[in-house]
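# Topology and contacts: notes
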Amino acid sequence: MTLARPRLILGSGSPRRRELLAQLGVVADAVRPPEIDEDPRPGELPRPYCVRLALEKAQAVQAETDDIVLSADTTVALGRRILGKPENAGEAAQFLTMLSGRRHKVITAIALRRGDKTWQRDVVTQVAMKALSNEELNAYLASGDWQGKAGGYGIQGLAGAFIPWINGSFTAVVGLPLAETANLLLAAGYPLYKDIP
Ligand SMILES: Cc1cn([C@H]2C[C@H](O)[C@@H](COP(=O)(O)OP(=O)(O)OP(=O)(O)O)O2)c(=O)[nH]c1=O
């Protein structure tokens, strides 16, 4: 039986977010990567920055009134400092050197929009990174896995070897906190769990 359900627009170009959503048995009806200015405002702190970006992404995506738009933003915070996606290997090396041997926070904010209603949540996870040797750092840079990832690493790949401890949500670090996403999808009227055979 096919259920009448709202269309779901994934307002994200992140392949990780698509895969995480699939873990819930959800396949978006359309994928529309948002185009927004990701520069932090002067003095903006990581958490409000991350929340603002998720909301702006959900607003930037074109959708019909009854569609549900799901967007997110993942930001790495080292104290008050925001580490975005490195532009090149040099910047990735800088970020990883800053993160090496310390704890930082990964914030993922999600935003859902349906018509003029929005739902928003953010999840903060503490992450410890071991002190990286030159060999580890160089191997990681050469792998290219830092590309397109906040803070210049992906916990779900080779960099998992550098992360002995987290306190929070693994799926949030990868880009989409599934418990919170499921709750917001239900709140917005998406019949999660109903069309799983
Ligand atoms: C810290 C960390 C980040 N990331 C990724 C998740 C996000 O894709 C990316 C952060 O960039 P984002 O700006 O959150 O997302 P995006 O540019 O990839 O996609 P879009 O804006 O279209 O939604 O970093 C990992 O995959 N693993 C990690 O461990």
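All of these numbers come straight from a predicted model, not from anything done at the bench. (Residues numbered from 1 in each chain as written. Predicted model: local features only at pLDDT ≥ 70, side-chain atom pairs only at ≥ 80, totals over all residues. Heavy atoms only, no water.)

## Thoughts on the overall build of the protein chain
When helices and strands are tallied, the protein chain shows six helices and seven strands. Along the protein chain, from the amino end to the carboxyl end, the secondary structure elements read β-α-β-α-β-β-α-β-β-α-β-α-α. At 17 Å, the protein chain has a C-alpha radius of gyration in line with the 16 Å of a compact globule built from 197 residues. Overall, the protein chain is about 55 × 40 × 25 Å in size when its C-alpha atoms are taken along their principal axes. Scored against the burial criterion, the 197 residues of the protein chain give a buried share of 49%. Across the protein chain, every contact between residues at least 6 apart in sequence was considered, and the portion connecting residues at least 24 apart equals 67%. Looking at the protein chain as shown, the accessible area adds up to about 9800 Å², and 49% of this sits on carbon and sulfur atoms. (Helix = DSSP H or I, 4+ residues; strand = E, 2+ residues; numbered from the N terminus. Rg over C-alpha atoms; globule rule 2.2 N^0.38 Å. Buried < 20%, exposed > 50% of the residue type's maximum accessible area, 1.4 Å probe, protein only. Contact = heavy atoms within 4.5 Å. Areas by Shrake-Rupley, 256 points an atom, 1.4 Å probe, with all protein chains shown as cover.)

## Here we look at the site of the ligand
Taken together, the neighbourhood of the ligand is formed by 21 residues, with Ser12, Gly13, Arg17, Lys57 and Lys85 sitting nearest. With respect to the ligand, the backbone of Gly13 contributes an N or O atom lying 2.6 Å from an oxygen atom. Expressed as a share of its isolated accessible area of 610 Å², the protein-covered part of the ligand is 94%. Listed by contribution, the elements that provide at least two residues to the shell around the ligand are helix 1 (15-23), strand 3 (68-78) and helix 5 (170-174). For the shell around the ligand, a count of residues per class yields seven nonpolar, seven polar and seven charged. (Near = heavy atom within 4 Å. Polar contact = N/O pair within 3.5 Å; in protein donor to acceptor, adjacent residues only side chain to side chain. Nonpolar A, V, L, I, M, F, W, Y, C, P; charged D, E, K, R; others polar.)

## Thoughts on the pairing of strand 3
Within strand 3, 11 of the 11 residues are buried, which leaves the element mostly enclosed by the surrounding structure. As paired strands, strand 1 (residues 8-10) and strand 3 are joined by three bridges and run parallel to one another. Bridge pairing in strand 3 places Leu10 opposite Leu70. Pairing between strand 3 and strand 5 (residues 103-114): nine bridges, direction antiparallel. The residue of strand 5 that forms the bridge with Ala77 is Lys105. The pairing of strand 3 with strand 4 (residues 81-83) spans three bridges and is antiparallel. Among the inter-strand pairings, Leu78 is bridged to a residue of strand 4, identified as Arg81. Here strand 3 hands over to strand 4 after two residues, with Gly79 in that stretch at a positive phi of 60°. (Pairing = 2+ DSSP bridges.)

## Brief notes about the nonpolar core
Counting 45 residues, the largest nonpolar core has Leu8, Leu21, Leu24, Leu96, Leu112, Tyr153 and Leu185 as its most contacted members. The contact partners of Leu8, leaving out residues within four places of it in the chain, are Leu21, Val26, Ala28, Asp29, Ala30, Ile68, Leu70, Leu185 and Tyr190. Among the nonpolar cores identified, the runner-up in size contains 12 residues, and Ala30, Val69, Ile107 and Ala111 belong to it. (Core = buried A, V, L, I, M, F, W, Y, C linked by side-chain atoms within 4.5 Å.)

## Details of the packing of aromatic side chains
Counting across every chain of the model gives one aromatic pair. One cation-aromatic arrangement involves Arg103 over Trp165; the distance from NZ or CZ to the ring centre is 4.0 Å. (Phe/Tyr/Trp six-rings, centres within 6.5 Å; stacked < 30°, edge-to-face > 60°. Lys NZ or Arg CZ within 6 Å of the ring centre and 35° of its normal.)

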